[in-house]
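As a plain string of letters, each chain reads:
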Amino acid sequence: MTTLLVDWLGRGGIAQCTESWAIELDAAGIDVVVATRAGRELAATPLPTVTADGRGRLAAHRHLVAATVEAIRQRRPDTVVVQNFLIPSMEQAVHRAAR
């Protein structure tokens, strides 16, 4: 089983929750991939990560959405968990790819 955990910001309380989920899933033998912003606390996790950056917050988010969609298409995870919403209209592509 493969799980992709998506955390748009990669810092703060939600990132701590995402990291805890990733650690527990990994310990249970589930392949875990984390998608988050580059350069953030969550991106430093020892688990496989999908990261993207860009000049400015909006560009960084757009790049992360695209990288997450690509990761879903390539890896075909069994489960995709989106931990939060930042710009839902932009993130719809992730939900479509996960379906």
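Residues numbered from 1 in each chain as written. Predicted model: local features only at pLDDT ≥ 70, side-chain atom pairs only at ≥ 80, totals over all residues. Heavy atoms only, no water.

Asks: Give a description of the overall build of the chain that names residues and reports values.
Replies: In terms of helices and strands, the chain carries three helices and four strands. From first element to last, N terminus to C terminus, the chain shows the α and β order β-α-β-β-α-β-α. Compactness check: the chain gives a C-alpha radius of gyration of 12 Å against a globular reference of 13 Å for 99 residues, within 12% of the reference. With the C-alpha coordinates of the chain rotated into their principal frame, the extents come out at 35 × 30 × 20 Å. Surface summary for the chain: the accessible area is close to 5700 Å², and the carbon and sulfur share equals 50%. When the 11 positive and 10 negative side-chain charges of the chain are each reduced to one mean point, those points stand 12 Å apart. (Helix = DSSP H or I, 4+ residues; strand = E, 2+ residues; numbered from the N terminus. Rg over C-alpha atoms; globule rule 2.2 N^0.38 Å. Areas by Shrake-Rupley, 256 points an atom, 1.4 Å probe, with all protein chains shown as cover. Lys, Arg positive; Asp, Glu negative; His and termini not counted. Charge placed at Lys NZ, Arg CZ, Asp CG, Glu CD.)

Asks: Pulling in residues and values, what's your account of the sheet that holds strand β3 (residues 49-52)?
Replies: Strand order in the open sheet formed by four strands is β3-β2-β1-β4, and the pairing between neighbours is parallel. One side of each edge strand has no neighbouring strand; the edge strands of this open sheet are β3 and β4 (79-82). Ignoring strand direction, the axes of neighbouring strands in this sheet form an average angle of 15 degrees. Inspection of the sheet shows strand β1 (residues 2-7) paired to strand β2 (residues 31-37) by six bridges, in the parallel sense. Across the sheet, residue Leu4 finds its bridge partner in β2, namely Val33. Seen against the sheet, helix α2 (residues 57-75) touches β1, β2, β3 and β4 and runs at an angle of roughly 145 degrees to β3. (Pairing = 2+ DSSP bridges. Axes fitted to C-alpha atoms, helices over the stretch in contact; angles between N-to-C directions. Contact = heavy atoms within 4.5 Å.)

Asks: Can you break down unusual backbone geometry residue by residue, with the values?
Replies: Positive phi outside glycine occurs at Arg76, with the angle close to 50 degrees. Structurally, the position occupied by Arg76 is in the loop between α2 and β4. The class of Arg76 is exposed, set by a relative accessible area of 66%. (Buried < 20%, exposed > 50% of the residue type's maximum accessible area, 1.4 Å probe, protein only.)

Asks: So, the side chain of Thr36: which residues are in play, and what are the values?
Replies: You can see Thr36 is positioned in strand β2. Only 2.8 Å separates the side chain of Thr36 from the backbone oxygen of Asp7, close enough to count as a polar contact. Polar side-chain contacts of Thr36 include one of 3.3 Å to the backbone nitrogen of Gly10. Setting aside anything within four residues of it in sequence, one finds Thr36 in contact with Asp7, Leu9, Gly10, Leu42, Ala43, Val50, Thr51, Ala52 and Leu64. (Polar contact = N/O pair within 3.5 Å; in protein donor to acceptor, adjacent residues only side chain to side chain.)

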